[in-house]
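# Coordinate analysis (summary)
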Amino acid sequence: PPSLKLLSATAQGELCPEGSYSAAISSDQLAMTMTFSALELHTAPAEEREASCQVHLTLEVPRGYAFSGLDVASSGYLLTSPQGAVNFDVSYSFAGNTQTQSFSHPRLSGDMAYVFHDFADQVWSPTCPPGPGQSVDVDVTLTIAAHGDASFNISAFDVEVTHQPGVVLRPCGP
């Protein structure tokens, strides 16, 4: 099957300022783990707050193919009072494409470790890349909205690119 590669991963935003994360891409360039030292959102009992972190991935897509599909896992810890709750949303988009695919994990509460798995396969790269191995930029936005005495953190964000013909890569043209 054609080869796809993760080339780079960066993050930016209120929840993930420069220096607060590290990204490690696997030696086969098919997986990436981003760990965060301070991706947290805290709210007081009567407070509401929303913040986000945008993870930017650059992938190399083989000539003659369009790309879609990221297998993503977010993990961390949640702690709320009985009145507190957190909404955690993840959205995927390609640079140059206005379409997004979003996943919502609403009204989380309690005292628990969590792992959320999402597979984004409904949004495709805007055009098939010309030339041998063109890079494609993917943005993943992690948004946390909390209210009423809540604390939410993300300790790790894992991305895996799998070879699933017709799902992750599809030939361009008719």
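The numbers attached to residues start from 1 for each chain and follow its sequence in the written order. Local features in this predicted model are restricted to residues whose pLDDT is 70 or higher, and side-chain atom pairs enter the listing and the counts only when it is 80 or higher, whereas totals over whole chains, interfaces and linings include all residues. Excluding hydrogens and water, the side-chain values take into account all heavy atoms of the structure.

### Some remarks on the state of the cysteines
Disulfide: a pair of cysteine sulfur atoms within 2.5 Å of each other. Under the defined criterion, the tally for this structure stands at 1 disulfide. The partner cysteine of Cys 16 in its disulfide is Cys 53, sulfur to sulfur 2.1 Å. Note on the Cys 16 and Cys 53 pair: the S-S dihedral is about 100°, so by sign convention the disulfide is right-handed. Of this pair, Cys 16 sits in the loop between strand S1 (5-12) and strand S2 (21-25) while Cys 53 sits in strand S5 (residues 48-61), and the two are 37 residues apart along the sequence. Comparing Cys 16 with Cys 53 shows no difference in burial state: the two are buried. The helix count covers DSSP runs of H or I at least four residues long, the strand count covers runs of E at least two residues long, and both are numbered beginning at the N terminus. Burial here depends on accessible area, computed with a 1.4 Å probe over protein chains only, as a share of the maximum for the residue type. Under 20% is buried, over 50% is exposed, and the range in between is partly exposed.

### A look at the pattern of salt bridges
Note on definitions: salt bridges are taken to be side-chain nitrogens of Lys or Arg within 4 Å of carboxyl oxygens of Asp or Glu. This structure, assessed with the given rule, holds 1 salt bridge. Across the pair Arg 49 and Glu 14 runs a salt bridge whose closest N-O atoms are separated by 2.8 Å. Here Arg 49, found in strand S5, pairs with Glu 14, found in the loop between S1 and S2; they are 35 residues apart in sequence, far enough to count as distant.

### What to know about the nonpolar core
Grouping buried Ala, Val, Leu, Ile, Met, Phe, Trp, Tyr and Cys residues that are joined through side-chain atoms within 4.5 Å yields what is termed a nonpolar core. Within the largest apolar cluster, 47 residues are counted, with the highest numbers of intra-cluster contacts made by Leu 57, Phe 67, Leu 70, Val 140 and Phe 157. Here, two residues are considered to be in contact whenever any of their heavy atoms come within 4.5 Å of each other. Filtering out sequence-adjacent residues up to four positions away, Phe 67 remains in contact with Leu 4, Leu 59, Val 61, Phe 94, Val 123, Trp 124, Ser 125, Val 138, Val 161, Val 168 and Leu 169.

### A look at unusual backbone geometry
Even without glycine at this site, Arg 107 takes up a positive phi of about 50°. Within the secondary structure, Arg 107 is located in strand S9 (residues 100-108). A positive phi is found at Asp 149, a non-glycine position, where the angle reads about 55°. Along the polypeptide, Asp 149 turns up in the loop between strand S11 (134-147) and strand S12 (150-160).

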